[in-house]
Amino acid sequence: MKYILTPKNFLDVALTLESGQAFRWQRHGDIWTGVVKNKVCRIVQDGLTVRFTGFTREEFIEYFDLRLDISEIYENTFSTHAEIRHLPQKYNGLRIMHQDLYECMLSFMLATNTSIPHIKSMIAKLSELCGEKIAGGYYAFPTPERILKSREKLCTCKLGYRERYIVEIARRIVDGSIELEKIKCMDYEHAVSELRGVNGIGNKVSDCICLFALKHYEAFPIDRHILDRVCRAYSSDNGFP
DNA sequence: CAGGTC
DNA sequence: CCTGG
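Read on for an overview of the structure. Bear in mind that the values here come from a model prediction, so they are computed numbers and not experimental data.

Okay, the pattern of salt bridges next. One pass over the full model with this rule turns up 10 salt bridges. Across the salt bridge formed by Asp-65 and Lys-215, the nearest N and O atoms sit 3.5 Å from each other. A residue pair is termed long-range when its members are at least 10 positions apart, and Asp-65 in the loop between α2 (57-63) and α3 (70-77) and Lys-215 in the loop between α11 (203-212) and α12 (224-233) qualify at 150 residues. The class of Asp-65 is buried, set by a relative accessible area of 4%. One salt-bridge network, in which partners are shared between bridges, spans Glu-62, Asp-65 and Lys-215.

Structure, rendered in structure tokens:
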């Protein structure tokens, strides 16, 4: 499948897939390979031309949220703050993705207090351990049922203290005390308070989930780095950046 | 200590 | 607090 981007609403595939929003993509040369919703997907970008397999055209547009006019957000928010006005140009093509809520919830819970390589390793091992095998030796993201079935072996995934959280979340989804479809219908404030009621999910993670799975663009995940940069940008002794 | 949370 | 760079 082939898709032609516009300069005004640009997508930089590499920038977006390396940004720490998604953890299941790998680059081989100029080919990006990842697993999205039980399917192996590949993407190659050449300027404004993007070719892909595994997605339908509609799924691709949804996944990278290409219908969102990102330049509108840039103009409405960034241009009014001198300290960050240069960033849209610097990170042109960095899109806010629209990922699956369940996968996003577990992924960002696992992402707490550790590094991107470890996050990728945890998700890869978890998928290999109990995800459904799909094409080419790849594994789907495991369903909550499959996670529970493998809970004795979860220690091989090196999740550390996050292991008990993931088991609890899987159990709560299966028994219905976490209702993903209801969360998808909530506004930002309600979604945050619902997500924050889950063990292992705090302020930062709930905002990541709201931004990367629920299209709540007002979410603003504050991690250590963001906090540092915001403090510097608005401190009186212009150390920025 | 690291892209937090309890 | 688990784990890894």
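Take α3 next. Buried within α3 we find Ile-70, Ser-71 and Tyr-74. Viewed end-on, α3 has its buried residues packed into an arc of 100°, placing them on one side of the element. Residues of α3 that are buried make contact with α4 (87-90).

Neighbouring DNA strand C are Asn-113, His-118, Lys-158, Gly-160, Tyr-161 and Arg-162. Backbone sugar and phosphate groups make up 65% of those atoms of DNA strand C lying within 4 Å of the protein. Asn-113 is positioned with one of its side-chain polar atoms (N or O) 3.2 Å from a base nitrogen of DNA strand C. Each residue belonging to the surface near DNA strand C can be placed in one class, and the counts come to 1 nonpolar, 3 polar and 2 charged.

Counted by the stated rule, this structure contains 13 aromatic pairs. Geometrically, the ring pair formed by Phe-55 and Phe-60 is edge-to-face, given 5.6 Å between the ring centres and 80° between the ring planes. For Phe-55, a relative accessible area of 8% translates into the label buried. Classification of Phe-60 by relative accessible area gives buried; the value is 0%. On the numbers, 5.6 Å between centres and 90° between planes, the contact of Tyr-74 with Phe-78 is edge-to-face. On the basis of relative accessibility, which here comes to 18%, the residue Tyr-74 falls in the buried class. On the basis of relative accessibility, which here comes to 23%, the residue Phe-78 falls in the partly exposed class. Three or more aromatic residues joined by ring pairs make a cluster, and in this case those are Tyr-3, Trp-25, Phe-52, Phe-55, Phe-60, Tyr-63 and Phe-64. Its end group placed over the ring of Tyr-161, Arg-162 keeps NZ or CZ at 4.6 Å from the ring centre.

Taken together, 20 residues are adjacent to DNA strand B, and Ile-116, Tyr-161, Gly-202, Val-205 and His-225 come closest. The sugar-phosphate backbone supplies 61% of the atoms of DNA strand B found within 4 Å of the protein. The separation between a phosphate oxygen of DNA strand B and a polar main-chain atom of Gly-200 is 3.0 Å. A distance of 3.0 Å separates a phosphate oxygen of DNA strand B from a polar atom in the backbone of Val-205. For the surface near DNA strand B, the secondary structure elements donating two or more residues are α11 and α12. Looking at the surface near DNA strand B element by element, the count peaks at 3 residues for α11. Looking at the surface near DNA strand B residue by residue, the class counts come to 7 nonpolar, 10 polar and 3 charged.

Ordered in space as β1-β5-β4-β3-β2, the 5 strands form an open sheet in which the pairing is antiparallel. For this open sheet the edge positions go to β1 (2-4) and β2 (25-28), each flanked by a neighbour on one side alone. Neighbouring strand axes in the sheet, compared pairwise and without regard to direction, differ in orientation by 25° on average. Of the pairings in the sheet, the one linking strand β4 (residues 39-46) to strand β5 (residues 49-53) comprises 5 bridges and is antiparallel in character. Its bridge partner being in β5, Val-44 is matched across the sheet by Arg-51.

About the criteria used
- Residues numbered from 1 in each chain as written.
- Chains lettered and ligands numbered in written order.
- Predicted model: local features only at pLDDT ≥ 70, side-chain atom pairs only at ≥ 80, totals over all residues.
- Heavy atoms only, no water.
- Salt bridge = Lys/Arg side-chain N within 4 Å of Asp/Glu carboxyl O.
- Helix = DSSP H or I, 4+ residues; strand = E, 2+ residues; numbered from the N terminus.
- Buried < 20%, exposed > 50% of the residue type's maximum accessible area, 1.4 Å probe, protein only.
- Arc of directions from axis to C-beta.
- Contact = heavy atoms within 4.5 Å.
- Near = heavy atom within 4 Å.
- Polar contact = N/O pair within 3.5 Å; in protein donor to acceptor, adjacent residues only side chain to side chain.
- Nonpolar A, V, L, I, M, F, W, Y, C, P; charged D, E, K, R; others polar.
- Phe/Tyr/Trp six-rings, centres within 6.5 Å; stacked < 30°, edge-to-face > 60°.
- Lys NZ or Arg CZ within 6 Å of the ring centre and 35° of its normal.
- Pairing = 2+ DSSP bridges.
- Axes fitted to C-alpha atoms, helices over the stretch in contact; angles between N-to-C directions.

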